[in-house]
Amino acid sequence: GVDLDDDPDVELLLEVEDAAARFNLNAMLQQGKVEEAARAQLEALLAGVLAIMPEAPAEGRYDPAQLAANVADWIDADEVASDGSAEEDAYGRRTPPTRPSNLPLLSVDELRLVDGFDGPLVDALRPFVGVHPLVGGGGINLNTAPPWVLAQLQRGSEISGFRPLEEEDVKRIVEAREEGPLCAGEGATAASCTPITELLGTDTLDPAPTLRSNVFRVRATARVVDVERRIEAVIDRSDPAELVRLSWRSE
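Report follows, based on the coordinates.

The rules behind each value
- Residues numbered from 1 in each chain as written.
- Predicted model: local features only at pLDDT ≥ 70, side-chain atom pairs only at ≥ 80, totals over all residues.
- Heavy atoms only, no water.
- Phe/Tyr/Trp six-rings, centres within 6.5 Å; stacked < 30°, edge-to-face > 60°.
- Helix = DSSP H or I, 4+ residues; strand = E, 2+ residues; numbered from the N terminus.
- Buried < 20%, exposed > 50% of the residue type's maximum accessible area, 1.4 Å probe, protein only.
- Pairing = 2+ DSSP bridges.
- Axes fitted to C-alpha atoms, helices over the stretch in contact; angles between N-to-C directions.
- Salt bridge = Lys/Arg side-chain N within 4 Å of Asp/Glu carboxyl O.
- Parallel < 35°, antiparallel > 145°, perpendicular 65-115°, else oblique.
- Left-handed = near helix turned anticlockwise from the far one by under 90°.
- Contact = heavy atoms within 4.5 Å.

## Overview of the packing of aromatic side chains
Centre distance and the angle of the planes are the two values used to describe a pair of aromatic rings. Going through the model one piece at a time under the given rule, you end up with 1 aromatic pair. Taking the centre distance of 5.4 Å and the plane angle of 55 degrees together, the rings of W74 and Y91 count as tilted. One end of the pair, W74, is in helix α2 (residues 64-75); the other, Y91, is in helix α3 (residues 88-92), and 17 residues separate them in sequence. W74 sits in the buried class, given a relative accessible area of 4%.

This is how it looks when you write it as structure tokens:
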């Protein structure tokens, strides 16, 4: 609804990104606790990201298990670290002293405050993780997640065990959703969507994914000659009649 002059020096770019296209770190938090299974999933994701960092980190610089535990300690409600010590011990030795928030992460950049994380690691994680919705988030959306996020999922069953998705698995998912949305198969027809069972058989995915999203990040970037400004908002459409703005920022 915005009329722009037909001028090469004037540009407006709108981007909409599904928050569920990435792993929601806050989804690990359930009733103030982070279960061992969720921590193990984050550990596996961290190990995978470390293996493909543009500049290989020095040996021993990052410990995926410890990093996952540190994130869990940062967001869980208690003040006891995974090793039984006080969570604030490591943070109290900083200058100036800090302490874990014991609340959901407000942004991916907040990871920079978590013990063991630094700028290069957070930047490497950014394409894979998000923090919205802050509470009650589910798994990644198979219909929107990029291939590199899908590749972090595992398939299998409690009986046979789980194994990482192979390149061919990811390719089948991406090709199928290009033809139409993926669905769970209940009451669906081949003409309306592709049931996940057609792609993976009886296997399930871990962490359990979702097929629909309600939270989106919207970016508007305006440029006039060499002056550029950006506004970013996170919108919840759970109630289509009344969209809720969860957060916003301008640059």
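So, next bit.
## A word on the sheet that holds strand β11 (residues 215-224)
Pairing is antiparallel across the open sheet formed by 4 strands, whose spatial order is β1-β11-β12-β13. Strand pairing shows two members of the sheet lacking a second neighbour, β1 (10-18) and β13 (244-250), which therefore form its edges. Averaged over all pairs of adjacent strands, the angle between strand axes in this sheet comes to 15 degrees, irrespective of strand direction. Note: strand β12 (residues 227-236) against β13, 6 bridges, orientation antiparallel. Paired with D236 across the strands is V244, a residue of β13.

## Quick look at unusual backbone geometry
A cis amide bond links T95 to the next residue, P96, at an omega of -5 degrees. Relative to the helices and strands, P96 resides in the loop between α3 and α4 (119-125). That bond from H132 to P133 is cis: its omega, -5 degrees, falls within 30 degrees of zero. Here P133 lies in the loop between β5 (129-130) and α5 (147-150). Despite not being glycine, Q31 has its phi angle at roughly 55 degrees, a positive value. Secondary-structure assignment places Q31 in the loop between β3 (29-30) and β4 (33-34). A relative accessible area of 84% places Q31 in the exposed class.

## Looking at the sheet that holds strand β6 (residues 154-157)
Ordered by their spatial adjacency, 3 strands build an open sheet running β7-β6-β10, and the pairing between neighbours is antiparallel. The two strands at the open ends of the sheet, each matched to only one other strand, are β7 (161-164) and β10 (204-206). For this sheet the average axis-to-axis angle between neighbouring strands, irrespective of direction, equals 35 degrees. Here β6 runs beside β10; their pairing, made up of 3 bridges, is antiparallel. Within the sheet, the bridge partner assigned to Q154 lies in β10 and is D206.

## Structural notes on the pattern of salt bridges
Applying the stated criterion across every chain, the model contains 21 salt bridges. Salt-bridge contacts for R39 lead to E36; the nearest nitrogen and oxygen are separated by 3.8 Å. Residue R39 and its partner E36 are located together in helix α1 (residues 36-51), separated by 3 residues, close to a single helical turn. The residue D203 makes a salt bridge to R155 at a minimum N-O spacing of 2.8 Å. Of this pair, D203 sits in the loop between α7 (197-200) and β10 while R155 sits in strand β6, and the two are 48 residues apart along the sequence. Using a relative accessible area of 17% as the deciding quantity, one classes D203 as buried. We classify R155 as buried; its relative accessible area is 9%. Counted as one network, the salt bridges with shared partners bring together E17, R22, R217, R219, E232, R249 and E251.

## Some thoughts on the packing of α1 against α2
Two numbers describe how α1 lies on α2: the axes approach to 8 Å, and their chain directions differ by 130 degrees. Comparing their axes, α2 and α1 come out oblique. Note on packing geometry: the crossing formed by α1 with α2 is right-handed. On α2, the residues touching R39, L42, E43, L46, A47 and L50 of α1 are P64, A65, L67, A68, A69, V71 and A72.

Structural measurements only, silent on function.
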